[in-house]
Amino acid sequence: MAILFDSTKRIFTLQTRTSTYQMQADSHDRLLHLYYGRRTEGTMDYVLTFRDRGFCPNPPDAGTDRTYSLDCLPQEYPSQGTGDFRSHALMAETKDGKIGCDPRYLSYKIQKGKYALKGLPTVYAGEEDAETLIITLEDPAAGVRVELFYGVLPESDIITRCAKITNLSEGTLYLHRALSANLDFVTGHYDLISFYGYQGLERSFQRNPVTHTEQTLISRRGTSSHQFNPLCILAEPDTTETAGACIAVQMLYSGGSMAVAAMDPFEGTRFQMGVSDYAFRYPLAKGETFTAPEAVLCRSGKGLGDLSIKLTDCIRGHVIRGPYKNKVTPVLLNSWEACYFDFDGEKILDLAKQAKDLGIDLLVVDDGWFGKRDDDNSGLGDWYVNEKKLGMPLSELSEKVHAMGLSFGIWVEPEMISEDSDLYRAHPDYALRIPGREPVRSRNQLVLDFSRKEVVDNVFAQITSSLDHCQIDYLKWDYNRSISDIYSCTADDQGRVLYDYILGLYDLLERIGKRYPKMLIESCSGGGGRFDAGMLAYSRQIWCSDNTDAIDRLRIQYGTSFGYPNETMGAHVSKVPNEQSGRITPLSTRGIVAMAGTFGYELDPAKLGEEEKAQIREQIRERRQIQDLIFFGDYRRLSSPYTDPVTAWSYTSKDRSKFVLSAVRTELHFGDEPTKFIRLAGLPEDAMYRREEDGALFSGAALMDAGIPLPHEGGDYQAYEWHFTRTDRA
Ligand code: GLA
């Protein structure tokens, strides 16, 4: 049993393999949080302490008991209006302007299997692999019902949370905030690890202590964004990659999210995550329900490396769906950096021929094959094939590429519209824009109003009419701006638009996925602006960044790896000097870095010399040799690209019989500089490993304690990849 209920004390306990989560419906019927920590038995209601604290108010039901204050008690889903002055998870307003509610415990339900949410992505699991707890709270006076959902996947060490808020009143209820998860800790100090960035340097790592200054991390962009990735980790201050306690909270949501972290004056820590409350005022008519998207919680007592492996395994086994679940994806050549908008069918066929010669599996035609699209100022919204530009129908191009023995893919940006497009000329109201005002443009494009079903239907009809007639094995689904003009001409309240937009997006993704069940979908957003676990439920891989510079990629992929599997990170070898940075790195280094992702190429092979082509063939052979380790093994960060002169990582098979060590030297100094050692992690101490390259033998313990020395060679950005096999047992 993963979910236990102690009916005497009204305590709910959620048990996973290594963690325990506990809460209590107290004598006032409020749901208090007791514990989220290492696995334990028993009840922890002793963590609740009661003292009369000045200026901490008492709710009316406390009577003269001045020690009962929600301002200092740990809660499961704190709401505004109860005398708790910390950040709230729920804030509701009735039609006549009464703000505040105090939902109390009413009932609970425990069921086998994992709940699902209509229209939103969720972690899924077999009946036997998960249990669900639903706790219902109600405030009849405010007309608010809250259902808190908990999904427990014991073997995966995963607990999911979400909330449904229903309006029980006669008038409209407005939600100003309805977060997905709230974690209150009565004690302890934490660092908050989060991932910020911009287009070209996504998921930059930052680690700051949680202090008495409230920190709010937020995306106000309508999308999960380059700027704030919806993954946060609370780590004890001494937690490292290989030791210490840490808890991750990860949203399965692709719109704007927010997180709030603060230590209260009494040294309790509150951490919350959910849909961004920016421009959010969700109207609920009588009987309507709002669903706060799912948040995934995961705890490790063995450091950040172990935490990332658990999150990765959860995404691999319980989020990713479709034809490439548990399958290796093809090595591709993408036309973007090879020719941008400047191509015709013959150029694509030439790229395909070259790709085939190198051993590549899939040829992708990026932006520019549709409508009037020779640059990024026009054509979005017109998803008909530009046969004049291609010189042939898309079906013919696809057939010819297939005839060469390659699979074929194309790029789309379904959520966008150019003002210079047939769609805009016919339906200007399809764009999100504020009436009477010039719209804010970004990449000279506007965003379609996906909160409207007819808009989603129109795009679906257009895309399917182009795709139905061709064999398209891969779709790159792009999204190249943030939402600024939040106005839908059919919405009853503009405060719902950003959330409803995401429902429209998921609806279209679901329909496209069903229509083409064998197709591989890679999502993208100006590179990695929508790299979130929600998108991974619909797209097997996500383009990690428009920045293909191998050295910048070390940071981008390092940050991403904290919460997402490496094989979901779109990563390509591109030419040098790099198109974005102008940096020159060896081809071998670019290959080793891209191999820590989906692996592909984004260059014109016709411009390469024979020696480089031979090297690429060798890289593809190497990728095929180690792909099972990358796709199904454990990835470990062995050093940091921020602080170490060598960035290193390893992929270890689950049975630890094999591992590959990769390292890139990012700093080089005078020849006498000290030797750099890479210390491995996650190996059995008593195992012996042979390095395949030279037959050298190492013990697991020594690899982790002394490490392995890196050769000192001249030349910028040298990289190494070594293969190790366990020798002490068959
Ligand atoms: C975005 C993507 C690129 C490319 C271009 C095409 O920037 O991130 O990979 O597809 O759009 O316009």
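These remarks concern the structure in this document. Everything numeric in this text was worked out from a predicted model, so none of it was measured.

Some words on the overall build of the chain
Step number 1: From N to C terminus, the chain includes 13 helices and 38 strands.
Step number 2: Its C-alpha radius of gyration of 27 Å places the chain within 12% of the 27 Å reference for a compact globule of 730 residues.
Step number 3: Counting only C-alpha atoms, the chain reaches 85 × 70 × 45 Å along its principal axes.
Step number 4: The 730 residues of the chain split such that 62% are buried.
Step number 5: Nonlocal contacts in the chain, meaning residues at least 24 apart in sequence, comprise 69% of its contacts between residues at least 6 apart.
Step number 6: For the chain, the accessible area works out to roughly 26,400 Å², and carbon and sulfur atoms hold 50% of it.
Step number 7: Taking the average place of the 82 positive charges on the side chains of the chain and the average place of its 104 negative ones, the gap between the two points comes to 2 Å.

Section: the sheet that holds strand β11 (residues 191-196)
Step number 1: Strand order in this open sheet of nine strands is β6-β7-β8-β9-β19-β15-β14-β11-β12, and the pairing throughout is antiparallel. Lying at the two open borders of the sheet, with one neighbouring strand each, are β6 (104-112) and β12 (204-209). For this sheet, the mean angle separating the axes of adjacent strands, direction not counted, is 20°.
Step number 2: Here β11 runs beside β12; their pairing, made up of six bridges, is antiparallel. Each residue of the ladder has a partner; that of leucine 192, found in β12, is asparagine 208.

Overview of the nonpolar core
Step number 1: Counting 196 residues, the largest nonpolar core has Leu175, Trp369, Leu394, Ile512 and Tyr601 as the members making the most contacts within it.
Step number 2: Among the elements that line this core, the one with the most residues is helix α8 (residues 497-515), at ten residues.
Step number 3: Discounting chain neighbours no more than four positions away, the residues touching tyrosine 601 are Val331, Leu332, Leu333, Asn334, Ile360, His572, Val573, Ile616, Gln619 and Ile620.
Step number 4: Leu661, Ala681, Ala687 and Leu703 belong to the second-largest nonpolar core, a separate cluster that totals 20 residues.

A closer look at the site of the ligand
Step number 1: Residues in close proximity to the ligand total 13 residues, the closest being Asp366, Asp367, Arg443, Lys476 and Asp546.
Step number 2: Here aspartate 366 contributes a side-chain N or O atom positioned 2.6 Å from an oxygen atom of the ligand.
Step number 3: A distance of 2.8 Å separates an oxygen atom of the ligand from a polar side-chain atom of lysine 476.
Step number 4: Within the complex, 97% of the 300 Å² of free accessible area of the ligand lies under protein.
Step number 5: Of the residues that constitute the shell around the ligand, the class distribution is four nonpolar, three polar and six charged.

Things to note about the packing of helix α7 (residues 453-467) against α8
Step number 1: One way to put it is that α7 packs onto α8 with a least axis distance of 10 Å and a crossing angle of 25°. Comparing their axes, α8 and α7 come out roughly parallel. In the crossing of α7 with α8, the sense of the turn from one axis to the other is right-handed. Across the interface between the two elements, Val456, Asp457, Val459, Phe460, Ile463 and Thr464 of α7 pack against Gly504, Asp507, Leu508, Arg511, Ile512 and Arg515 of α8.
Step number 2: Looking at the contact of α7 with α8, its residues break down into six nonpolar, two polar and four charged.

Side note on the packing of aromatic side chains
Step number 1: According to the stated counting rule, one finds 39 aromatic pairs in the structure shown.
Step number 2: Here the aromatic cluster, defined as three or more aromatic residues joined through ring pairs, consists of Phe195, Phe205, Tyr558, Phe562 and Tyr642.
Step number 3: One cation-aromatic arrangement involves arginine 637 over phenylalanine 562; the distance from NZ or CZ to the ring centre is 3.5 Å.

Overview of unusual backbone geometry
Step number 1: At the junction of valine 576 and proline 577, the peptide bond is cis and its omega measures out at -10° in the coordinates.
Step number 2: Along the polypeptide, proline 577 turns up in the loop between β29 (572-574) and α11 (587-595).
Step number 3: The phi torsion at serine 225 lies on the positive side, around 80°, for a residue other than glycine.
Step number 4: Examined against the element boundaries, serine 225 turns out to sit in the loop between β13 (215-218) and β14 (231-235).
Step number 5: Given the relative accessible area of 3%, serine 225 is considered buried.
Step number 6: Within the chain, asparagine 444 stands out as a residue other than glycine whose phi angle is a positive 55°.

Points about the pairing of strand β38 (residues 719-726)
Step number 1: The buried fraction of β38 is high, at seven of eight residues.
Step number 2: Relative to β38, strand β33 (residues 658-665) runs antiparallel, the two being bridged by seven bridges. Considered in β38, the bridge of alanine 663 is made with tyrosine 720.
Step number 3: Of the pairings in the sheet, the one linking strand β35 (residues 688-691) to β38 comprises three bridges and is antiparallel in character. Counted as the bridge partner of arginine 690 is threonine 725 from β38.

Section: the sheet that holds strand β25 (residues 474-477)
Step number 1: Strand order in the open sheet formed by nine strands is β28-β27-β26-β25-β22-β21-β20-β30-β29, with parallel pairing between adjacent strands. Every other strand in the sheet has two partners, leaving β28 (569-570) and β29 as the edge strands with one partner each.
Step number 2: Direction of pairing for strand β22 (residues 407-412) relative to β25: parallel, over a ladder of four bridges. The residue bridging isoleucine 410 from the neighbouring strand is leucine 475, located in β25.

Notes on the side chain of threonine 291
Step number 1: If you trace the backbone, threonine 291 turns up in strand β19 (residues 289-300).
Step number 2: With residues near it in sequence (within four places) discarded, threonine 291 still touches Leu117, Leu120, Ala163, Lys164 and Tyr499.

Things to note about the environment of alanine 141
Step number 1: Here alanine 141 is to be found in the loop between β7 (131-139) and β8 (144-153).
Step number 2: Relative accessible area serves as the criterion here: at 79%, alanine 141 is assigned to the exposed category.
Step number 3: For alanine 141 and tryptophan 649, which are 508 residues apart along the polypeptide, the C-alpha to C-alpha distance reads 56 Å.

Brief notes about the pairing of β8
Step number 1: Taking burial as the measure, the ten residues of β8 include nine buried ones, the bulk of the element.
Step number 2: Counting the residues in the hairpin turn of β7 and β8 gives four residues, including glycine 143, whose phi is positive at 75°.
Step number 3: Relative to strand β9 (residues 158-167), β8 runs antiparallel, the two sharing ten bridges. Bridge pairing links tyrosine 150 to arginine 161 in β9.

Rules behind the numbers
Residues numbered from 1 in each chain as written. Predicted model: local features only at pLDDT ≥ 70, side-chain atom pairs only at ≥ 80, totals over all residues. Heavy atoms only, no water. Helix = DSSP H or I, 4+ residues; strand = E, 2+ residues; numbered from the N terminus. Rg over C-alpha atoms; globule rule 2.2 N^0.38 Å. Buried < 20%, exposed > 50% of the residue type's maximum accessible area, 1.4 Å probe, protein only. Contact = heavy atoms within 4.5 Å. Areas by Shrake-Rupley, 256 points an atom, 1.4 Å probe, with all protein chains shown as cover. Lys, Arg positive; Asp, Glu negative; His and termini not counted. Charge placed at Lys NZ, Arg CZ, Asp CG, Glu CD. Pairing = 2+ DSSP bridges. Axes fitted to C-alpha atoms, helices over the stretch in contact; angles between N-to-C directions. Core = buried A, V, L, I, M, F, W, Y, C linked by side-chain atoms within 4.5 Å. Near = heavy atom within 4 Å. Polar contact = N/O pair within 3.5 Å; in protein donor to acceptor, adjacent residues only side chain to side chain. Nonpolar A, V, L, I, M, F, W, Y, C, P; charged D, E, K, R; others polar. Parallel < 35°, antiparallel > 145°, perpendicular 65-115°, else oblique. Left-handed = near helix turned anticlockwise from the far one by under 90°. Phe/Tyr/Trp six-rings, centres within 6.5 Å; stacked < 30°, edge-to-face > 60°. Lys NZ or Arg CZ within 6 Å of the ring centre and 35° of its normal.

In short, the description is geometric, and any link to function would need to be established separately.
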